[in-house]
Amino acid sequence: MSNPPNSVPNRLILRQPDDWHVHVRDGAVLESVLAYTTRQFARAIIMPNLAQPITTVALAAAYRERIQAAIPEGSAFKPLMTCYLTDEMAPDEVERGFASGLFAACKLYPAGATTNSSHGVTDIAKIYPVLETMQRIGMPLLVHGEVTDTAIDIFDREAVFIDRILSKLIADFPALKLVFEHITTAEAVDFVTDSGQQIAATITPHHLDCNRNAMFQGGMRPDFYCLPILKRETHRTALRKAATSGSAKFFLGTDSAPHTRDKKETACGCAGIFNAPYALESYAKTFDEDGALDKLEAFASENGPKFYGLELNKARVVLERKPFSVPSLLGDGALQLAPFHAGNRLAWRFMGLEKP
Ligand code: DOR
Ligand code: ZN
């Protein structure tokens, strides 16, 4: 395909990306959402915050089987399982799961920070023995970085987490591999940039594309409510600069978090944006708008596997500039879900894996 005069390409061929942070849920929702992730990504880090959290090797093995059973025929998708840390987590269990290749990482949810986090960690000191083990064996810690102190303004909880928890944590465990998940602030960008090579961060499509105004555009819009909550424009700009910078410390993690309509449109709606259906299209939008399409492959397909010490994928995916309208809802009946960008047009279209 020929390029337009300004030499912006109309076709992108990228090494197949992975999603380093996704919620695929369980049961009927798992069956209805998983194919969106397997269609675009070769591997994904599966979040463990089910109603019964994935806190043991046995629970993770069973959950992986349920995911594998839901993978569409012909897909080579590989789920990478994570272990949900609790105050009582035994270092041996974590080590056993990592040594066997089942656990790719552990997830730290401060108790009460987000969906299904009530079993999370109440005091970071309680998991120091687990962190010692993880540091020794080279197992990454994935961090939901928000304080849960309700006296702290919800828009400040990430920045305060850096000051109160994260700075000390990385000082106490200087060799611990740590991914600051779904960062949303300029403070987090600076923290990651200024830390050692063992510290990286994922960035979602929605935090790159939206600021907090999106939640109130013409009325209350629950589909834009997620955690960490969308921030003001200066933060979005800082995230975009980090993602498109080419720095190996920042990589793709969608945080796709489906909640059915009844859970979103209610007096106390759930946090989460379901972006899996058009994830690559959304990232391509950001990189295109910032004149950085040449940096998309590193962010989407190289930085993550290099940080985790995994092979790069061999397959390639194709994106073409073929504008299309995103449906306002996907799925049927009780399983209806609103995808990110619902009702809007996107310029880049995912065309599938490159045909040999
Ligand atoms: O918006 C979010 N949704 N943030 C999270 O941290 C969890 C997620 C979910 O599981 O729904
Ligand atoms: Zn998440």
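The following paragraphs examine the structure supplied in this document. Since the structure is predicted, the reported quantities are computational estimates derived from the model, not experimental observations.

### Details of unusual backbone geometry
- Residue leucine 227 is joined to proline 228 through a cis peptide bond whose omega torsion reads -5°.
- The phi angle at arginine 25 is positive, at roughly 60°, despite the residue not being glycine.
- Positionally, arginine 25 belongs in the loop between β2 (19-22) and α1 (27-40).
- Phi at aspartate 255 takes a positive value of approximately 55°, unusual for a residue other than glycine.
- Along the chain, aspartate 255 turns up in the loop between β9 (250-252) and α9 (261-264).
- Residue class for aspartate 255 comes out buried when judged on its relative accessible area of 7%.

### As for the site of ligand 1
- Arg25, Asn49, Thr114, Leu227 and His259 are the nearest of the 13 residues found near ligand 1.
- Threonine 114 places a side-chain nitrogen or oxygen 3.0 Å from an oxygen atom of ligand 1.
- Here ligand 1 has 290 Å² of accessible area as a free molecule, and 99% of this is covered by the chains.
- For the shell around ligand 1, the class distribution of residues is four nonpolar, seven polar and two charged.

### Here we look at the pairing of strand β5 (residues 103-108)
- Among the six residues in β5, six count as buried, and that is most of the element.
- Sheet topology places strand β4 (residues 78-84) next to β5; four bridges connect them, and they run parallel. By the bridge assignment, cysteine 83 is partnered in β5 with cysteine 106.
- At this point the chain moves from β4, through helix α3 (residues 91-99), to the parallel β5, and the crossover so formed is right-handed.
- Sheet analysis places β5 next to strand β6 (residues 141-143), joined by three bridges and oriented parallel. Within the sheet, the bridge partner assigned to leucine 108 lies in β6 and is valine 143.
- With respect to chirality, the unit in which β5 leads through helix α4 (residues 128-137) into the neighbouring parallel β6 is right-handed.

### A short note on the side chain of arginine 157
- Relative to the helices and strands, arginine 157 resides in helix α5 (residues 157-172).
- For the buried arginine 157, no salt bridge is present, and the opposite-charge side chain at shortest range is glutamate 146, 6.1 Å distant.
- There is a polar contact of 2.9 Å between the side chain of arginine 157 and the backbone oxygen of isoleucine 152.
- Each residue touching arginine 157, except ones within four places of it in the same chain, is listed here: Gly145, Glu146, Val147, Asp149, Thr150 and Ile152.

### Section: the environment of leucine 178
- Tracing the sequence through the fold places leucine 178 in strand β7 (residues 178-180).
- Expressed as a C-alpha distance, the spacing of leucine 178 and valine 121, which sit 57 residues apart in the sequence, is 16 Å.

### Side note on a negative patch on the surface
- A grouping of Asp153, Asp156, Asp163, Glu187, Asp190 and Asp194 is seen on the molecular surface, where their side chains present a negatively charged patch.
- The dominant element in the negative patch, judged by the number of residues it contributes, is helix α6 (residues 186-194), at three residues.
- Secondary-structure assignment places aspartate 156 in the loop between β6 and α5.

### Here's the deal with the packing of aromatic side chains
- Going through the model one piece at a time under the given rule, you end up with 13 aromatic pairs.
- Consider the rings of tyrosine 36 and phenylalanine 274, whose centres lie 5.8 Å apart with planes at 75°: the pair is edge-to-face. Separated by 238 residues along the polypeptide, tyrosine 36 in helix α1 and phenylalanine 274 in the loop between α9 and α10 (279-289) bring together distant segments of the chain.
- Here tyrosine 128 and phenylalanine 173 contribute two aromatic rings whose centre-to-centre distance is 4.7 Å and whose plane-to-plane angle is 75°, an arrangement assigned as edge-to-face. Taken as a pair, tyrosine 128 in helix α4 and phenylalanine 173 in the loop between α5 and β7 lie far apart in primary sequence, 45 residues in all.
- Judged by relative accessible area, phenylalanine 173 falls into the buried class, the value being 2%.
- The structure contains a cluster of three or more aromatic residues connected by ring pairs, namely Trp20, Phe251, Phe307 and Tyr308.

### Examining the environment of alanine 175
- Considering the arrangement of structural elements, one finds alanine 175 in the loop between α5 and β7.
- Measuring from C-alpha to C-alpha, the distance between alanine 175 and valine 317 comes to 35 Å, with 142 residues separating the pair along the chain.
- With sequence-adjacent residues up to four places away left out, alanine 175 is seen in contact with Gln135 and Gln198.

What counts and how
Every residue gets a number counted from 1 within its own chain, in the order that chain's sequence is written. Written order decides the labels, with chains lettered from A and ligands numbered from 1. Only residues with pLDDT of at least 70 get local features here, since the model is predicted, and only at 80 or more are side-chain atom pairs given and counted; chain-wide, interface and lining totals rely on the full set of residues. Water and hydrogen atoms were dropped before computing side-chain values, which therefore reflect all heavy atoms in the structure. For helices the rule is a DSSP run of H or I covering at least 4 residues; for strands it is a run of E covering at least 2, with both sets numbered from the N terminus onward. Relative accessibility under 20% of the residue-type maximum defines a buried residue, over 50% an exposed one, and the middle range a partly exposed one, all with a 1.4 Å probe and only protein chains included. Being near a molecule or strand, for a residue, means having at least one of its heavy atoms within 4 Å of it. Within 3.5 Å is the distance limit for a polar contact, defined as a pair of N or O atoms, with the added protein rule that one can donate a hydrogen and the other accept it, and that residues adjacent in sequence qualify only through two side-chain atoms. What sets the accessible areas is the Shrake-Rupley method with a 1.4 Å probe; for residues, cover comes only from the shown protein chains. Residue type decides the class: Asp, Glu, Lys and Arg count as charged, Ala, Val, Leu, Ile, Met, Phe, Trp, Tyr, Cys and Pro as nonpolar, and the leftover types, Gly among them, as polar. Strand pairing is assigned whenever DSSP identifies at least 2 bridges connecting the two strands. Place the viewer so that the strands point away; then a crossover is right-handed whenever the path from the first strand over the helix to the second strand goes clockwise. Charge convention: Lys and Arg are scored as positive, Asp and Glu as negative, and His as well as the terminal groups of each chain are ignored. A side-chain nitrogen of Lys or Arg and a carboxyl oxygen of Asp or Glu constitute a salt bridge if their distance falls within 4 Å. Contacts are assigned to residue pairs with any non-hydrogen atoms lying within 4.5 Å of each other. Like-charged residues within 9 Å of one another, or nonpolar side chains (Val, Leu, Ile, Met, Phe, Trp, Tyr) within 5 Å, are grouped into patches, provided each residue has over 30% relative accessible area and no salt bridge. Charged side chains are reduced to one point each, which is NZ for Lys, CZ for Arg, CG for Asp and CD for Glu. A pair of aromatic rings is counted whenever rings of Phe, Tyr or Trp (Trp by its six-membered ring) have centres within 6.5 Å, and the orientation is called stacked for planes under 30 degrees apart, edge-to-face for over 60 and tilted otherwise.

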